[in-house]
Amino acid sequence: MAGGRKRKLLMSKIYTYSCVKSQFQNDHAQVGGPGFSRLAYVNDPNSYEATTLDYASNRVSTTKYNVVNFFPKSLYEQFRRVANCYFLFSGILSFTPLSPYGALSAVLPLVFVIAVSMVKEAIEDWKRLQMDNEGNNRKVQLHQGNGTFRETEWKNLKVGDVVKVEKDNFFPADLLLISSSYEDAVCYVETMNLDGETNLKLKQALDVTSTLQDDSSFQDFKGMVKCEDPNANLYSFVGTMDYQDTQYPLSPHQLLLRDSKLRNTDHIYGTVIFTGHDTKVMQNATTPPSKRSTIEKLMDKLVYSLLGFLVLISLIGSIVFGIDTDNDLVDGVMKRWYLRPDNSDIYFDPNNPEYAGFLHFLTAMILYGYFIPISLYVSIEIVKVMQSIFINQDIKMYYEPADKPAHARTSNLNEELGQVHTILTDKTGTLTCNSMEFIKCSIAGMPYGRGITEVERAMARKKGSVIESNEDATPRLVSAPAVKGFNFKDERIMDNNWLHQPHSGTIQMFFRLLAICHTAIPEVDENSRKISYEAESPDESAFVIAAREVGFEFYQRTQTAISLHEFSPSTGMTIEKDYQLLNIIEFNSTRKRMSVIVRTEKGKLLLLCKGADNIMFELLGENGRRFEANTTDHINKYADAGLRTLVLAYRELNEEEYDVFNKKYTEAKLSVSADRDEKIAAAAELVEKDFMLLGATAVEDKLQSGVPECIDKLAQAGIKIWVLTGDKMETAINIGFACSLLRQGMKQIVVTLDLPEIKALEKEEGSKEAMKEAISKASKASIIQQVNEGKKLIDASPNNAFALIIDGNSLTYALGDDVKEFFLALAIGCASVICCRSSPKQKALVTRLVKEGTGKTTLGIGDGANDVGMLQEADVGIGISGFEGMQAVMASDIAIAQFRYLERLLLVHGHWCYRRITSMICYFFYKNIAFGITLYLFEAYTTFSGEALYNEWFLSFFNVFFTSLPVLVLGIFDQDVSAKSCLKFPLLYKEGIENVLFSYKRIFGWIFTAILNAFTIFYFCTAAIQDQAFRKGGQTLSQDILGLVMYTTLVWVVNVQMAIFVKYFTLVQHITIWGSIAVWYLFMLAYGAITPTISTNAYMVFIEAAGPSAIYWFLTLFVVIASVIPYFAYSAFMVRFFPMFHEMIQWQKKVDGQSDDPEFVEMVRARSIRSNTVGFSARRESLLS
């Protein structure tokens, strides 16, 4: 309200809101009993009685850890990884004589890996704590006593405190409304953060407290509230208030929920009922889960398998060793004297071979530990952090108007972004930007408005054409509309040119209806004198603004009249006109229309009505259908352009007819019975008939920029999109059309309990429990029947596209244990799924059902507190960092500012991260298995003696210096295709959905390559040099020389293999790959020159033996070529005859689409085509077919 002035207008009279004033119902009898035991000592929270109540503080925490549990809980997180458990076991054994190498080299890598991971977890949780503190430290005015209010932080509030909340501020806790700046103690509340709805809700305090209008009124105010215990139901509240020795009933109309916002009201006074985690919004939240990616879970399975393989080969080796030990002593002489049995009483005791074999098993478990890539985890952690930095710094996901970049709040799930199968999205604030624009209309069968919708522009761009406006339109303005909510361009209507149209009288009545048939409130700015409107919905606001811009300005409302500034055709001037407001028949989801009855200055009674086309056309009179055919055609075109439509009609009433209606309508409004709505509807039907059709409005439910294009690209990528919204079914369906999730011709399967048989059952009399059970049983049976019928419909028409639309009441039964599988089967068979009137809990349950039922990766995206459960339940949670609240962002894994950035986040970063991480893992297993197999082959070659082929520090540094950097660079920088190609060919994303880059076939292919390379290296090296002289004195091969030669060839092979595999060569790749090999030679020189007490058997081996030998260099070259040729040949064969999609794109880029191989060109073309069922591409294909 401008200037802080109060309105004297009683809002409850205008909105017929008195019908919701609390009265004692059966539920109030439960107050004080089980489940209804909460007490609040109003304005006396420090009394002895209040202090004995152990209620939660108002501090809210969404962190994963705290100071007490961080160390044990984060350690638990780390040792959920089986590899870490194994290395802990081997680290302990390394302190015993069983270890083939020192304890230091075994323990330090494990400590480093765990420390890095724990520090990363701590940093991420610290950021969550900072965001929590931001909310907990918000300010609110708290009553300090003696009628004075002072600012305090939200976290300091207690149950019973009285607070003062001012306009446009969030409520700090669940409050009981005491009074407001309005005389009848009503207030507007925006609950978008809770249920996703943008329309304002009206709340009204008890009459007995409505007189407490200023701060001083609370000096002696005391009361006691008894109510229900904390629960997650946003739409129910039962309680009583004891005040001045009288008990008053309380209902949801007095409850103001935390994180909803006060709008269009200067201030309210309220008392705290629920605090912190007892508030309804937090009751709907779930504990932040410990999310792990699908790839990481599969990686753990591979590590389990490798661990099992390690146990198997250790067991085989120990059995062989035990047998050989048993046969070692022949006539008192040891055959394997070189094992120095004289230095051991146990390990090589031929008199106790079983025990010797067991001890060898433990030694082998330590020695073969290099099969398990311990550095894999820390390398992936490093790579994921770098990938997150790239996401954060992507300028193309930066939203400049709000100065908000993308923010990866956790890096654990980067690769999940490349495997998303189903997106579950909120609507309000996520797909839309909460604004409506009046853009077109049909009046008297003539279309008006030359505006172009976002859907039409997107379809035109897809076709490669430039869309033109209708007929001889003026050039389209691409800038934002000058008037918010009004984007109507048509010179035939504007500037009073409507007077020259053939049906000017109809046009006049059309816009007059828009200016009168609403419940908006005008506000006049005291400085500029400009009029703005506060409406219950964005639609109403757009209609009133449209009427004003055309020349029918609504400027004043009283309890009994609506006043307009109208252009008078007779005088050619703007005049004031008053319309006596007699009745407002409100909109609801059953009637799907709204009417007002007014009396003109000339005494005429007019019934003005607007509503859904399917309802309104049935109510037209015989003489009112003149424009029906043309209007229907226009409505269909508007719907296909993604516009929301309403039909406008009117009729004149006579006095007798109105008197009969008014009597019955007044009786219905005063009724408090269960069938009150039906009585109102019956009264309305007396006059809502025989209408004269005026036309239809077309309003664009303004999507966020780029939403249709984004959805189209995601659909082409094979991603399914579900909309889970708290909005009404009609609103959700309209937005479905706007963003092309729904289209004309798509068959809709509507599952609802808004059925005559269910309503009839609700009206029957009987015991409450019996009726409740009967209704529940009938509702469940109805849902099962509807689901089965829908499934049969899909099975009967497999080539048609279906859309499933279900409301919240139906979801309650559809998510039941014995129904949910059938519901999921129905939903999966549909191209689009829209769940309306969904509570936060239902959003989370639907997400869980899809995640567990399909076994595929799910992504939840939303912007409000009502989406928190969904984001936490999904495999990946995306928070929209919009202008309203930060609850979703605080609970998300990644935050973006606009829905359209999801396209780049998934198709570019998701694809890259998935490819990079999976390639890293495959390569890690490849090089470690190749490394481990050479150790095992040497063990077999030496009768499993427990001796290590390589020097101790050769073993430790293999994964640290000689092969680590190339794989890190692969994970950070490698690209199979460019970002532009990722967006141009969204079907490329299917590789992630189908997990083709980390399938068992691909994994075992890498394992086979590792085994083949290991055998090649071992047998070529041993066969080539076992009888060769390696020193000037003619000495033949020794273990230290063999180990160095094989290690050199191994370092070369795994790095050259990386060079072949890399798809995106830069200077960094060259430096790390060839530099790693160079580091190995430098290490041999430096380490071999150190005293033998440190370098042990590596002392001077390279300088004196290997380096000067020509066979060493020749053998290295030969073994490397022999090892990589099979992989190179296989890769070339697969690319030519069985290319993957990214390989086809690479080929297409190289030849620029030109080739002399028509068969390959045709294969690429055929595999690049995908038929869509949703998105504007599907809409265009449907229109062309």
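Residues numbered from 1 in each chain as written. Predicted model: local features only at pLDDT ≥ 70, side-chain atom pairs only at ≥ 80, totals over all residues. Heavy atoms only, no water.

> Can you explain the pattern of salt bridges? Please cite residues and give values.
In total, this model carries 38 salt bridges according to the counting rule given. Taking the shortest distance from any N to any O, the salt bridge between Asp 633 and Lys 637 comes out at 3.5 Å. Of this pair, Asp 633 and Lys 637 are both found in helix 15 (residues 628-640), 4 residues apart, which corresponds to roughly one turn of the helix. The salt bridge partner of Lys 791 is Asp 795, with a shortest N-O separation of 3.0 Å. Highlighted residues: Lys 791 and Asp 795, both in helix 21 (residues 768-796), separated by 4 residues, approximately one helical turn. Linked through salt bridges whose partners overlap, the residues forming this network are Arg 450, Asp 490, Glu 491 and Arg 492. (Salt bridge = Lys/Arg side-chain N within 4 Å of Asp/Glu carboxyl O. Helix = DSSP H or I, 4+ residues; strand = E, 2+ residues; numbered from the N terminus.)

> Can you lay out the sheet that holds strand 11 (residues 255-256) for me, pointing to particular residues and giving the numbers?
Reading across the sheet, the 6 strands line up as 3-2-4-13-5-11 and stay open at both edges, with antiparallel pairing between neighbours. For this open sheet the edge positions go to strand 3 (148-153) and strand 11, each flanked by a neighbour on one side alone. (Pairing = 2+ DSSP bridges.)

> Residues and numbers for the side chain of Lys 440, please.
Within the secondary structure, Lys 440 is located in strand 18 (residues 432-443). Of the residues examined, Lys 440 reaches a relative accessible area of 6% and is grouped as buried. Polar side-chain contacts of Lys 440 include one of 3.4 Å to the backbone oxygen of Gly 451. (Buried < 20%, exposed > 50% of the residue type's maximum accessible area, 1.4 Å probe, protein only. Polar contact = N/O pair within 3.5 Å; in protein donor to acceptor, adjacent residues only side chain to side chain.)

> Which residues make up the environment of Met 386, and what are the values?
With respect to the element layout, Met 386 can be found in helix 10 (residues 374-392). With relative accessibility at 28%, the residue Met 386 sits in the partly exposed group.

> Residues and numbers for a nonpolar patch on the surface, please.
Where nonpolar side chains cluster on the molecular surface, the patch consists of Ile 1011, Phe 1015, Tyr 1019, Phe 1020, Phe 1114 and Phe 1118 and spans about 570 Å² of accessible area. Every element with two or more residues in the nonpolar patch is listed here: helix 32 (1000-1025) and helix 37 (1110-1137). The element contributing the most residues to the nonpolar patch is helix 32, with 4 residues. Structurally, Phe 1118 can be placed in helix 37. (Patch = residues over 30% accessible without salt bridge, like charges linked within 9 Å, V, L, I, M, F, W, Y side chains within 5 Å. Areas by Shrake-Rupley, 256 points an atom, 1.4 Å probe, with all protein chains shown as cover.)

> Can you break down the sheet that holds strand 29 (residues 720-724) residue by residue, with the values?
Overall, mixed pairing links the 9 strands, which are arranged 16-35-34-33-17-29-32-31-30 in an open sheet. Looking at which strands have only one partner, the edges of the open sheet turn out to be strand 16 (407-408) and strand 30 (747-751). The pairing of strand 17 (residues 420-425) with strand 29 spans 4 bridges and is classified as parallel. For Thr 422, the partnering residue across the bridge sits in strand 29 and is Lys 720.

> I'd like a description of the nonpolar core, backed by residues and values.
Within the largest apolar cluster, 111 residues are counted, with the highest numbers of intra-cluster contacts made by Tyr 950 and Trp 1080. If you tally residues by element for this core, the top one is helix 27 (residues 901-941), at 17 residues. (Core = buried A, V, L, I, M, F, W, Y, C linked by side-chain atoms within 4.5 Å.)

> So, the confidence of the model for the protein chain: which residues are in play, and what are the values?
Of all residues in the protein chain, 86% have pLDDT values of 70 or greater, and the mean over the chain is 83. This stretch, residues 1-20, has a pLDDT under 50; its non-local contacts, to residues over four places away or in other chains, come to 60 contacts. Confidence drops under pLDDT 50 across residues 469-480; counting only partners more than four residues distant or on other chains, this segment forms 16 contacts. (pLDDT = per-residue confidence, 0-100. Contact = heavy atoms within 4.5 Å.)

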